[in-house]
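Architecture at a glance
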Amino acid sequence: MKKNLLFGMLLTFLLIGCGEKIPTTSKSEKEKIVTSFNKDENARKKYIEITSELEKLIKDGNEKAEKELKEWEEVKKEYMVKNMFEMSEETKAIAEKHIKSGKLW
C-alpha cells in the first residue's frame, strides 16, 4: 500500500514537472503593463520580453502560446483605440486657452 502511494506521488510530481512553461498573465496585469508602456521603460522591456518568448513558442507550434499572444495584442489594441479619442495634456491646455479667449475659430 505504501509503495503504491509513493509511486503515485512520484508519478504526479513527474507529470507536473513536465508541463509546458508558457508565460501567462492576467488581463488586469496585461492592461497595467500596456497602459504604462509609454511612460515606464521597465514595462516596455517586460512587454517585449514576454511577447518575444511567446513568438518563439509559436514557431515551435505551441497553440497555447498563440492564444496568449492574441490576448496581449487584443489588450494593446483596446488601449490604442481608447487613446485615439483622448486629448493630450498639451492639447487640452491649448483648447482651454482658446475657450477662455473666446476665439475658437
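About the criteria used
Residues numbered from 1 in each chain as written. Predicted model: local features only at pLDDT ≥ 70, side-chain atom pairs only at ≥ 80, totals over all residues. Heavy atoms only, no water. pLDDT = per-residue confidence, 0-100. Helix = DSSP H or I, 4+ residues; strand = E, 2+ residues; numbered from the N terminus. Core = buried A, V, L, I, M, F, W, Y, C linked by side-chain atoms within 4.5 Å. Buried < 20%, exposed > 50% of the residue type's maximum accessible area, 1.4 Å probe, protein only. Contact = heavy atoms within 4.5 Å. Patch = residues over 30% accessible without salt bridge, like charges linked within 9 Å, V, L, I, M, F, W, Y side chains within 5 Å. Areas by Shrake-Rupley, 256 points an atom, 1.4 Å probe, with all protein chains shown as cover. Salt bridge = Lys/Arg side-chain N within 4 Å of Asp/Glu carboxyl O. Lys, Arg positive; Asp, Glu negative; His and termini not counted. Charge placed at Lys NZ, Arg CZ, Asp CG, Glu CD. Expected span 1.5 Å × (residues − 1). Arc of directions from axis to C-beta. Polar contact = N/O pair within 3.5 Å; in protein donor to acceptor, adjacent residues only side chain to side chain.

A word on the confidence of the model for the protein chain
Across the protein chain, pLDDT averages 81, with 76% of residues at or above 70. Per-element averaging of pLDDT across the protein chain places helix 1 (residues 2–17) at the bottom with 58 and helix 3 (residues 41–59) at the top with 91.

Regarding the nonpolar core
Ile33, Val34, Ala43, Tyr47, Ile50, Leu54, Leu57, Ala65, Leu69, Trp72, Val75 and Tyr79 together form the largest nonpolar core, which totals twelve residues. Elements with a minimum of two residues in this core: helix 2 (27–35), helix 3 and helix 4 (63–84). In this structure Ala43 touches Ile33, Ser36 and Phe37, once residues within four positions along its chain are discounted.

Quick notes on a negative patch on the surface
A cluster of like negative charges, contributed by Glu31, Glu55, Glu73, Glu74 and Glu78, occupies part of the molecular surface. Top element by residues in the negative patch is helix 4. It accounts for three residues. Within the secondary structure layout, Glu74 lies in helix 4. Note on Glu74: relative accessible area 38%, which makes it partly exposed.

What to know about helix 4
When the terminal C-alpha atoms of helix 4 are compared, their 32 Å separation across 22 residues agrees well with the 32 Å that a helix rising 1.5 Å per residue should span. Every buried residue of helix 4 is listed here: Ala65, Glu68, Leu69, Trp72, Val75 and Tyr79. Seen from one end, helix 4 has its buried residues packed into an arc of 120°, which puts them on one side. The exposed set on the far side of helix 4, more than 90 degrees from its buried face, consists of Glu63, Lys67, Lys70, Lys77 and Met84. Where helix 4 is buried, its residues touch helix 2 and helix 3. Capping the start of helix 4 is the job of one residue whose side-chain oxygen sits 2.9 Å from the backbone nitrogen of Lys64: Asn62.

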